[in-house]
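Survey of secondary and tertiary structure
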Amino acid sequence: FDYENFVVPKATAPGLVINNGIREIHPMRFGLIPIGAKTEPKQPYNNARIESIDKWPWKVPVKQQRCVLPLNAFREPCYWGATAGKEVFFSAPGDPLLFVAGLYHHWQGQMTMTFIMRPACDFVMDHGHHRQPFFIHPDGVDDWIAPQERSTRDSLAILGNHAYEPAMEFTVHRQMSTAWQGRQKARLKKRD
């Protein structure tokens, strides 16, 4: 995969939705701008925690504006273990494409989106980060992005039925500046 071509906040990435029964890829800006926002927030909402998916600003999109975001790796800062102090790319060598459950919202003529994040799998946790994208199995993509309105409970059930945990590997991207140590807190690993 291309280490230099990754999605950062406010960058555009492909998002998969169903429109009139047909899968469509749309450019989506990373960082959900909430429903009703008159101006763009300084910090867009990049990561929807699965544990709070029923709260603002996620509670409306999870009922009716769901998408899938294809990627082949994700990057995280690592705070403990052998990779402490480094940014790391996590990928799944057996899966050329991973599907992240996401949410989107139309705002001022553009589609904005967020990843759904979950507590890290053992591999990611052991390599220094406590959260990761929520991957869904390819067989569950259409169930997740089906455009009909449904309850948060039903959306969570679909995620649970199609959760996917691929075998992963990592590649060190770069050493972080020493400021990373200020973000390293006792119990960070256990807080989620």
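Each remark here, short or long, concerns the structure printed above.
Residues numbered from 1 in each chain as written. Predicted model: local features only at pLDDT ≥ 70, side-chain atom pairs only at ≥ 80, totals over all residues. Heavy atoms only, no water.

Section: the sheet that holds strand β5 (residues 73-77)
Test applied: A strand pair is defined by DSSP finding two or more bridges across the two strands. Per the convention used, a helix needs a DSSP run of H or I reaching at least four residues, while a strand needs a run of E reaching at least two, with both numbered from the N terminus. To obtain an axis, a line is fitted to C-alpha atoms, over the contacting stretch when the element is a helix, and the angle between two such axes runs from 0 to 180 degrees between their N-to-C directions.
Strand order in the open sheet made by the three strands is β5-β6-β10, with antiparallel pairing throughout. In the strand order of this sheet, the two ends are held by β5 and β10 (169-175), each with one partner. The average angle at which neighbouring strand axes cross in this sheet is 25°, direction not considered. As judged from the six bridges shared by strand β6 (residues 86-91) and β10, these two strands associate in the antiparallel manner. Looking at the pairing, Phe 90 lines up with Phe 170 of β10.

As for the packing of aromatic side chains
We apply this condition: Between the rings of Phe, Tyr and Trp (Trp by its six-membered ring), a pair exists once the centres lie within 6.5 Å; its type follows the angle of the planes, with under 30 degrees stacked, over 60 edge-to-face, and the other angles tilted.
Considering all chains together, one arrives at seven aromatic pairs under this definition. Taken together, a centroid distance of 5.9 Å and an interplanar angle of 85° make the contact between Tyr 45 and Trp 58 edge-to-face. Within this pair, whereas Tyr 45 is found in the loop between β2 (22-30) and β3 (47-49), its partner Trp 58 is found in the loop between β3 and α1 (61-64), the two being separated by 13 residues in sequence. Taken together, the ring pairs connect Phe 74, Phe 90, Phe 123, Phe 135 and Phe 170 into an aromatic cluster.

Side note on the pattern of salt bridges
Heads up, the rule is: Definition used for salt bridges: Asp or Glu carboxyl oxygen within 4 Å of a side-chain nitrogen of Lys or Arg. Classification of residues uses two cut-offs on accessible area relative to the type maximum, computed with a 1.4 Å probe and protein chains only: under 20% is buried, over 50% is exposed, and between them is partly exposed.
Under the counting rule described, the total for this entry stands at eight salt bridges. Between Glu 87 and Arg 174 there is a salt bridge, and its shortest N-O distance comes to 3.0 Å. One end of the pair, Glu 87, is in strand β6; the other, Arg 174, is in strand β10, with 87 residues separating them in the sequence. Taking the relative accessible area as the measure of exposure, Glu 87 reaches 10% and is therefore buried. Each of the salt bridges in this network shares a partner with another, and the network as a whole consists of Lys 10, Arg 29 and Glu 40.

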